[in-house]
Amino acid sequence: MLMKVKFLFLMLLVGLALPQKSKAQTPNWSEDVASIVYTHCTGCHRPGEVGPFPLTNYQEAVAWGNMIQYVTEIKYMPPLKPDANYGPDFLKDNSLTEDEIATIKAWVDGGMPEGDPALAPNLPTYPTGSQIGTPDLVLSFAQTHNHPGNGLDEYRYFVIPTGLTTPKNLVALEMRPGNTRIVHHALVWADSTGTAAANDAQTPEYGYEGGQGVGFAFGTQLPGYVPGQNPHVYSNGIAQRIPANADMVVQMHYAPTTVDEPDSSVFNLFFSDGVVDRYVQSKIMVPFGGTLLNGPFIIPANQTREFHGVWEVPQEVSMLGIAPHMHLLGTHWEVYGITPNNDTIHLIRISDWDFNWQGSFYFKNLIRLPQGTKIHALAGYDNTVNNPNNPNNPPQLIRWGEGTADEMYYLPLLFVPYKPGDEDLVLDDVLTDSENPVFHFAQTKLYPIAPNPVGDATVRIGFTLANQSAVSLSVFDLSGRMKQKIINNKPAFAGEHIANFDVSSLSNGLYVVMLEANGKIFI
């Protein structure tokens, strides 16, 4: 017996760019500024996140309008410390364009008009849990840690057993801080030696303090956490290896507070199901063992110093990322490579170091470094009264240490063995090895609906967005008549999305789904 069923076909076609709206002479919130703020600011400036005040509507933005203009003009916000004119491009660049900065300035200077509220985009729907998908393993503190309200920083190590009975290929690690008011940043390692667990067993309380001779020996460093930075996802057959029975060791930096604050953070781990042919390796440059050309690492009172470290690359590698770290006396970093042919390869320059805005920076393109390339890393420090961040008044002699009032020269370099073709690999534009859309935000794409044929059912229409965009999703019949508007010009973030659609009102036949996003049409 032949049954008539409904078919919904998805065909992918990149169409013409949608026409752009002509700008009014004076920008307004609804048509010009809201989309900028929602895209670049609200992710952190919303309830429960790290921003000190919310920016989720017109009234909130007006209250902080002059401050927004100032911090965007001087490019303090959104934070991106590396010099964009020095080295390669980095992934997850949230900085504003010059046109966006000018639009904000013109809006504030013009009296911050709201415009027609009906034309304002809806506040995007922000994830409340993982920002990148469903994790394969969730680890958390065994108990809540109480950070004392004594006005001091705290560096504390926590040892969390992974429970893994077999090695795993890690492609992303996402920390969800339990208390965003006090979590300044976190460093993470995988320890298969039991060293950290033994250190923890020596103290009666949960976790143990750093800087007291029981710190974790630097080993396999995993992705860490800084506020406002989305997790990095490895792709193209690249992953980090977590050994079986390893412990995850977390160094938490808690900021000073005047009242006791609890924290119990959570860690989402994502593993690759595909073929992994290269594992991430790391070199952590620290000022010991002959690294510095002008050591020792001591910063006398009332002096400025610049330390110059060098590391020779032992094999041909492709650089993935870099993560400069120092404390309150820090002023600048510059890192570059000199090849055996005497070519200079710029890696990163931070001219105005800010302890509050540090992080890991991953390159958009892999950077080939021949064997024998020498990495030069220059880090500057100001231990004088002219440094407003100096924790000591009068200045004191400073040495290496984990405490915020101590100093660090700490530079993780992430790389993989070189493979021909790495120079042409653009990490923004390729799928992961498993082609799992949870880990693929690189291109806007429609996915097959399910179920199909559909009968009288609710179907799931999946798509990913390369960038935040206003999204419309519509169903047409084959004569071009729109039958249903599933999503109507609603802001959505980069990543995976699922729309549920009840097809019971449609007649039997063939239909087409059209996605409008990122200024293009997908049919």
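Structural data are supplied above this passage.
Residues numbered from 1 in each chain as written. Predicted model: local features only at pLDDT ≥ 70, side-chain atom pairs only at ≥ 80, totals over all residues. Heavy atoms only, no water.

**Student:** Honestly, the overall build of the protein in this entry has me stumped. Any pointers?
**Tutor:** Scanning the protein for helices and strands turns up five helices and 30 strands. Within the span of the protein, comprising 523 residues, buried residues form 47% of the whole. For the protein, the share of sequence-separated contacts (at least 6 apart) that also reach a separation of at least 24 residues comes to 79%. Accessible surface, the protein as shown: approximately 24,200 Å² in total, 51% of it carbon and sulfur. (Helix = DSSP H or I, 4+ residues; strand = E, 2+ residues; numbered from the N terminus. Buried < 20%, exposed > 50% of the residue type's maximum accessible area, 1.4 Å probe, protein only. Contact = heavy atoms within 4.5 Å. Areas by Shrake-Rupley, 256 points an atom, 1.4 Å probe, with all protein chains shown as cover.)

**Student:** Even after reading the chapter, I still don't get the sheet that holds strand β5 (residues 168–176), so can you show me in this structure?
**Tutor:** In any sheet, the strands associate via hydrogen bonds between backbone groups, in a parallel or an antiparallel arrangement. Spatial strand order, β2-β12-β5-β9-β13: five strands in an open sheet with mixed pairing. Since the sheet does not close on itself, it has two edges, and those belong to β2 (137–140) and β13 (278–279), each with one partner. Taken together, the six bridges between β5 and strand β12 (residues 266–271) define a ladder with antiparallel strand orientation. Counted as the bridge partner of L170 is F271 from β12. (Pairing = 2+ DSSP bridges.)

**Student:** Any chance you could explain the nonpolar core here in plain terms?
**Tutor:** Side chains that are nonpolar tend, in soluble globular proteins, to be buried together. In terms of nonpolar packing, the biggest core is built from 35 residues, with I322, W333, V335, L347, I375, Y381 and Y409 touching the most fellow members. Contributions of two or more residues to this core are made by β16 (303–312), β17 (317–322), β18 (330–338), β19 (344–350), β20 (361–369), β21 (374–383) and β23 (411–417). The residues touching L347, leaving out its near neighbours within four places in the chain, are Y86, P88, F90, M319, I322, V335, Y336, F363, I367 and I375. Ranked by size, the runner-up nonpolar core spans 26 residues in total, among them L139, L173, M175 and A190. (Core = buried A, V, L, I, M, F, W, Y, C linked by side-chain atoms within 4.5 Å.)

**Student:** Honestly, empty space enclosed by the protein in this entry has me stumped. Any pointers?
**Tutor:** In this approach the atoms are scanned with a rolling probe the size of a water molecule, which exposes any empty space left behind. Within this structure, the stated rule accounts for one cavity of 30 Å³ or more. Taken as a whole, the largest cavity encloses approximately 270 Å³ of empty space. In terms of lining residues, the largest cavity is bounded by 22 residues, among which L187, Q221, G224, A323 and S360 are the most central. Elements that contribute at least two residues to the lining of the largest cavity include exactly β6 (183–191), β8 (220–225) and β23. (1 Å grid on protein atoms, 1.4 Å probe; cavity = no way out; pocket = protein on both sides within 12 Å on 5 of 7 lines; lining within 4 Å. Points joined across faces, edges and corners; volume = space filled by probe spheres on them.)

**Student:** Looking at this structure, how should I read the packing of helix α1 (residues 29–40) against helix α4 (residues 98–109)?
**Tutor:** The angle between the axes and the distance between the axes are what describe a pair of packed helices. As a packed pair, α1 and α4 sit with axes 10 Å apart at the nearest point and diverge in direction by 125°. Classified by the angle their axes make, α1 and α4 are oblique. Judged by the twist between their axes, the crossing of α1 over α4 is left-handed. Facing α1, whose interface residues are W29, D32, V33, I36 and H40, α4 presents E100, T103, I104 and W107. Grouping the amino acids of the contact of α1 with α4 by side-chain chemistry returns five nonpolar, two polar and two charged. (Axes fitted to C-alpha atoms, helices over the stretch in contact; angles between N-to-C directions. Parallel < 35°, antiparallel > 145°, perpendicular 65-115°, else oblique. Left-handed = near helix turned anticlockwise from the far one by under 90°. Nonpolar A, V, L, I, M, F, W, Y, C, P; charged D, E, K, R; others polar.)

**Student:** Teacher, can you tell me more about the packing of aromatic side chains here?
**Tutor:** The geometry of an aromatic ring pair comes down to the distance between the two centres and the angle between the two planes. The tally for this structure, following the rule as stated, stands at 20 aromatic pairs. Look at F297 and F307: their rings are 4.8 Å apart centre to centre, the planes differ by 40°, and that puts the pair in the tilted class. One end of the pair, F297, is in the loop between β14 (281–285) and β15 (298–299); the other, F307, is in strand β16, with ten residues separating them in the sequence. Looking at F297, the relative accessible area reads 6%, which means it is buried. Put simply, the rings of F288, F297, F307, Y381 and W400 touch in pairs and so form one group of aromatic residues. When the ring centre of Y418 is taken as reference, the NZ or CZ atom of R368 above it lies at 4.6 Å. (Phe/Tyr/Trp six-rings, centres within 6.5 Å; stacked < 30°, edge-to-face > 60°. Lys NZ or Arg CZ within 6 Å of the ring centre and 35° of its normal.)

**Student:** Please clarify how the side chain of D382 should be interpreted in this entry.
**Tutor:** Tracing the sequence through the fold places D382 in strand β21. One buried charged side chain, D382, makes no salt bridge at all; its nearest oppositely charged neighbour is R305, positioned 11 Å away. A polar atom in the side chain of D382 sits 2.7 Å from the side chain of T384. Beyond its immediate sequence surroundings of up to four residues, D382 is in contact with Q303, T304, L329, T331, N387 and N390. (Lys, Arg positive; Asp, Glu negative; His and termini not counted. Salt bridge = Lys/Arg side-chain N within 4 Å of Asp/Glu carboxyl O. Polar contact = N/O pair within 3.5 Å; in protein donor to acceptor, adjacent residues only side chain to side chain.)

**Student:** In this structure, what is going on with the sheet that holds β8? I would like to understand it.
**Tutor:** Strand order in the open sheet made by the five strands is β7-β4-β10-β6-β8, with antiparallel pairing throughout. The sheet is open, and its two edges are formed by β7 (208–209) and β8, each paired on a single side. In terms of strand pairing, strand β4 (residues 154–161) meets strand β10 (residues 247–254) through eight bridges, oriented antiparallel. Its bridge partner being in β10, R156 is matched across the sheet by M252.

**Student:** Quick question: what am I supposed to make of the pattern of salt bridges here?
**Tutor:** Once the charged atoms of two side chains with opposite charge are near each other, the side chains can pair. Summed over all chains, the structure comprises twelve salt bridges. Linking K105 and E73 is a salt bridge whose minimum nitrogen-to-oxygen distance equals 3.9 Å. Here K105, found in helix α4, pairs with E73, found in helix α3 (residues 65–73); they are 32 residues apart in sequence, far enough to count as distant. On the basis of relative accessibility, which here comes to 31%, the residue K105 falls in the partly exposed class. Members of the salt-bridge network, linked through shared partners, are E154, R156, E205 and E209.

**Student:** How should I be thinking about the pairing of β6 in this particular structure?
**Tutor:** Consecutive residues of a regular strand have side chains that alternate between opposite faces of the sheet. With nine of nine residues buried, β6 lies mostly within the body of the structure. As defined by bridge partners, β6 adjoins β10 across eight bridges and the pair is classed as antiparallel. Bridging across to β10, A186 finds its partner in M252.

**Student:** Whenever I open this one, a nonpolar patch on the surface confuses me. Can you help?
**Tutor:** Nonpolar side chains collect at one region of the surface, where W64, M67, Y70, I74 and Y76 lie side by side and expose about 490 Å² of accessible area between them. Among the secondary structure elements, Y76 is positioned in the loop between α3 and α4. The exposure class of Y76 is partly exposed, given its relative accessible area of 32%. (Patch = residues over 30% accessible without salt bridge, like charges linked within 9 Å, V, L, I, M, F, W, Y side chains within 5 Å.)

**Student:** I tried to follow unusual backbone geometry on my own but got confused; where do I start?
**Tutor:** What you tend to see is this: most non-glycine residues have negative phi, and most peptide bonds are trans. That bond from M77 to P78 is cis: its omega, -15°, falls within 30 degrees of zero. Take P78: it is sitting in the loop between α3 and α4. Of note, the amide linkage connecting G295 to P296 takes the cis form, showing an omega dihedral of 5°. If you trace the backbone, P296 turns up in the loop between β14 and β15.

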